[in-house]
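Structure assessment
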Amino acid sequence: MSDILKKIVYSTLGLYIAFCVSLFIWVIIYSGSGDGDTLEHVHSSWLVFRGKVPYKDFFQHHNPLLWYLGAPFVGLFEYSLRAVDAANMLAVTSTIITMFYIYRIHKNILNSVLGGLIAIAFFALPQNSLYNKDFKPDNFMVMSLVSGIYYLLCYIKNKGLFNLSLSFLLFFISFMFTQKAVLEIFCLGIIVLYFIKEKKMSLNDCLVSSILPITIYAFFLAYLFSHDVLGLYFKANFELNSYIPEVFHTRRFIHPSYEMMVPIFISLYGVYKYLYHSNIYAKILGVVFICEYMIRMFYFTPFIYYFAFLHAISSIYAGFTISELAKKYKYILLVVLAYFVVLGGIYANIYSKRITVGDSYKYGASGFVLELTNPCDYIVNGYRIGYNLFGKDVDFIWNLLGQIDVIAATIGIRPTADLEALIRKYRPKIIYGENYYDTYREYRGEIGVHPIHWISKHLLNEMYLPLNRDNLYILKPEYQSYDCKYNYRTKTYEYVDKF
């Protein structure tokens, strides 16, 4: 490649990557999104910040590392929508770290700076929802898996127990962000066993490298046991989640976005053309790509962010494929540059027309609700709509009512609660004023036929006023005859009688 062409390619790709990262940040600051998972994990992080123990003080069906990572950032902006911004900026940081390790895989393992830049460009902007900036465990799982793969390849290339230990630790961390990673770790485990069999990896090194993750997990389980929630942890995180594919019976699979399909198609071609003849590092990446492709296309993928790791690994292998093709066909680099220039232009046009919004609409109804409530108030999330960031919950299971509580009742965690009785008891400031339906049946096409929680008109007329937004209702003034004070003894906000 001539020096002039190299400068054009590198500078164009660099500008495109910078544009993508800037777009993530712009959306967080000025536009946001009402993504339910983000709001769920911000609320869980806040509960952890407040000293609550997952599975004991509040229900969750994910591994907890994300909430402990997010807790200080969410707590720093407690009772402000800036907490969501901070959490999303943390997610962008994880995306940037993932880009860094994608580049290191190419530069230090595959010896191709060009491939690294192309791979990052493919990874940087997957599709219109920009899930890379959402506070989801999947983004952090991908960061840990990609960095773990890098250190695994470093071990195979240069040996060194530290590289392997760090790799295994990062794989374990990915699992502690979300148990979904167990499928990818299983595939990586098969690769490791193969290399042990072929004497390319030391069994003793693998055993030593496993000590730290096993020890940490043992201490974690002991901690849960000490709080008498070990059984619930396994039931909620593994048995309950095994039912989730059945919830999404009619939409168990979705198709990757166009922007995701480009590196996937290139990687499929690369596997066909180069897998057999490539070096051992490219072979490993190709096998990981094939495994993840099979998992996502044939197991369970109801939402676009489920493709997060497939998108990352296909971007890595697509970068390798194009860098190999460019050795023979220089013109392909011009095609690649044209693709990213056009794609960047399309997104610049889309987001130049996207309306910037104030806090009342930035993250769905959450900012609107936050303006109407104080730290003492209880809040009830709606059916398929979450907005409770810092309000108190009326029940142990507080999110995705009509889905999670239905599964929990099905597998014997606890019976479905009487939501109306809880509303009468705690008098939450904000409630959802319509019925909550059984999503098992809803996603099978029986929408509106099988309600799980009924919010009676009598209750609404007696205690609440409509807010004329998202079927939300606010408690009548006569039921709000309390002041909100901070109790320094209990370290919580509590109602006190007005004098």
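Attention here is on the structure that accompanies the text. (Residues numbered from 1 in each chain as written. Predicted model: local features only at pLDDT ≥ 70, side-chain atom pairs only at ≥ 80, totals over all residues. Heavy atoms only, no water.)

So, the overall build of the protein chain
Check the secondary structure of the protein chain and you find 21 helices and 7 strands. Its C-alpha radius of gyration of 25 Å places the protein chain within 12% of the 23 Å reference for a compact globule of 499 residues. By its C-alpha atoms, the protein chain is 80 × 55 × 45 Å across when sized along the principal axes. The 499 residues of the protein chain split such that 56% are buried. Carbon together with sulfur atoms contributes 63% to the accessible area of the protein chain, which is approximately 21600 Å² in total. Between the averaged position of the 44 positive side-chain charges in the protein chain and that of its 36 negative side-chain charges there is a distance of 10 Å. (Helix = DSSP H or I, 4+ residues; strand = E, 2+ residues; numbered from the N terminus. Rg over C-alpha atoms; globule rule 2.2 N^0.38 Å. Buried < 20%, exposed > 50% of the residue type's maximum accessible area, 1.4 Å probe, protein only. Areas by Shrake-Rupley, 256 points an atom, 1.4 Å probe, with all protein chains shown as cover. Lys, Arg positive; Asp, Glu negative; His and termini not counted. Charge placed at Lys NZ, Arg CZ, Asp CG, Glu CD.)

Points about unusual backbone geometry
In this model, Asn111 sits at a positive phi of 60°, which is unusual for a non-glycine residue. Relative to the elements of secondary structure, Asn111 occurs in the loop between α4 (82-109) and α5 (113-124). Owing to a relative accessible area of 59%, Asn111 belongs among the exposed residues under this scheme. Non-glycine residue Arg427 carries a positive phi angle of around 50°. By secondary structure assignment, the location of Arg427 is in the loop between α19 (419-426) and β1 (430-432). What makes Arg427 partly exposed here is its relative accessible area of 35%.

Comments concerning empty space enclosed by the protein
This structure, assessed with the given rule, holds 5 cavities of 30 Å³ or more. Here the largest cavity is characterised by a volume of approximately 130 Å³. Contributing to the lining of the largest cavity are 17 residues, with Asp395, Ile397, Trp398, Leu401 and Leu419 lying nearest its centre. Partitioned by chemical class, the residues of the lining of the largest cavity number 10 nonpolar, 3 polar and 4 charged. Looking at the second largest cavity, its volume works out to about 70 Å³. Lining the second largest cavity are Glu40, Phe59, Gln60, His61, Ile397, Trp398, Asn399, Leu400 and Ile404. Considering only residue class, the lining of the second largest cavity consists of 5 nonpolar, 3 polar and 1 charged. (1 Å grid on protein atoms, 1.4 Å probe; cavity = no way out; pocket = protein on both sides within 12 Å on 5 of 7 lines; lining within 4 Å. Points joined across faces, edges and corners; volume = space filled by probe spheres on them. Nonpolar A, V, L, I, M, F, W, Y, C, P; charged D, E, K, R; others polar.)

Looking at the side chain of Asn388
In this structure, Asn388 sits in the loop between α17 (366-372) and α18 (404-410). Taking the relative accessible area as the measure of exposure, Asn388 reaches 2% and is therefore buried. A distance of 2.7 Å separates a polar atom in the side chain of Asn388 from the backbone nitrogen of Gly391. Leaving out residues up to four positions away in the same chain, Asn388 has contacts with His43, Ile379, Asn381 and Asp393. (Polar contact = N/O pair within 3.5 Å; in protein donor to acceptor, adjacent residues only side chain to side chain. Contact = heavy atoms within 4.5 Å.)

Section: the pattern of salt bridges
Applying the stated criterion across every chain yields a total of 19 salt bridges. The closest approach of N and O atoms between Lys180 and Asp138, which form a salt bridge, is 2.5 Å. Here Asp138 lies in helix α6 (residues 137-158) and Lys180 lies in the loop between α7 (161-177) and α8 (182-197), a separation of 42 residues in the sequence. Judged by its relative accessible area of 3%, Asp138 is buried. Residue Asp395 is joined to Arg414 by a salt bridge in which the shortest nitrogen-to-oxygen separation is 3.0 Å. Placement of Asp395 in the loop between α17 and α18 and of Arg414 in the loop between α18 and α19 is noted, with a sequence separation of 19 residues between them. A single salt-bridge network, built from bridges that share partners, covers Arg82, Asp85, Asp359 and Lys362. (Salt bridge = Lys/Arg side-chain N within 4 Å of Asp/Glu carboxyl O.)

Here's the deal with the environment of Lys425
Within the secondary structure layout, Lys425 lies in helix α19. Assessed through its relative accessible area of 60%, Lys425 is described here as exposed. With 31 residues separating them in the primary sequence, Lys425 and Val394 have C-alpha atoms 8.7 Å apart.

Overview of the packing of aromatic side chains
Each aromatic ring pair is summarised here by two numbers: the centre-to-centre distance and the angle between the ring planes. Counted under the stated rule, the structure contains 48 aromatic pairs. With a centroid separation of 6.1 Å and 45° between ring planes, the pair formed by Phe122 and Tyr339 is classed as tilted. Residue Phe122 is located in helix α5, and its partner Tyr339 is located in helix α15 (residues 331-352); the two are separated by 217 residues in the primary sequence. Here Phe122 falls in the buried class, since its relative accessible area comes to 5%. On the basis of an interplanar angle of 75° and a centroid distance of 6.3 Å, the ring pair of Tyr299 and Phe300 is categorised as edge-to-face. Three or more aromatic residues link up through ring pairs in this structure, and these residues are Tyr55, Phe58, Trp67, Phe172, Phe175, Tyr217, Phe220, Tyr233, Phe234 and Phe238. For Lys136, the ring lying beneath its charged end belongs to Tyr305, and the centroid distance is 4.0 Å. (Phe/Tyr/Trp six-rings, centres within 6.5 Å; stacked < 30°, edge-to-face > 60°. Lys NZ or Arg CZ within 6 Å of the ring centre and 35° of its normal.)

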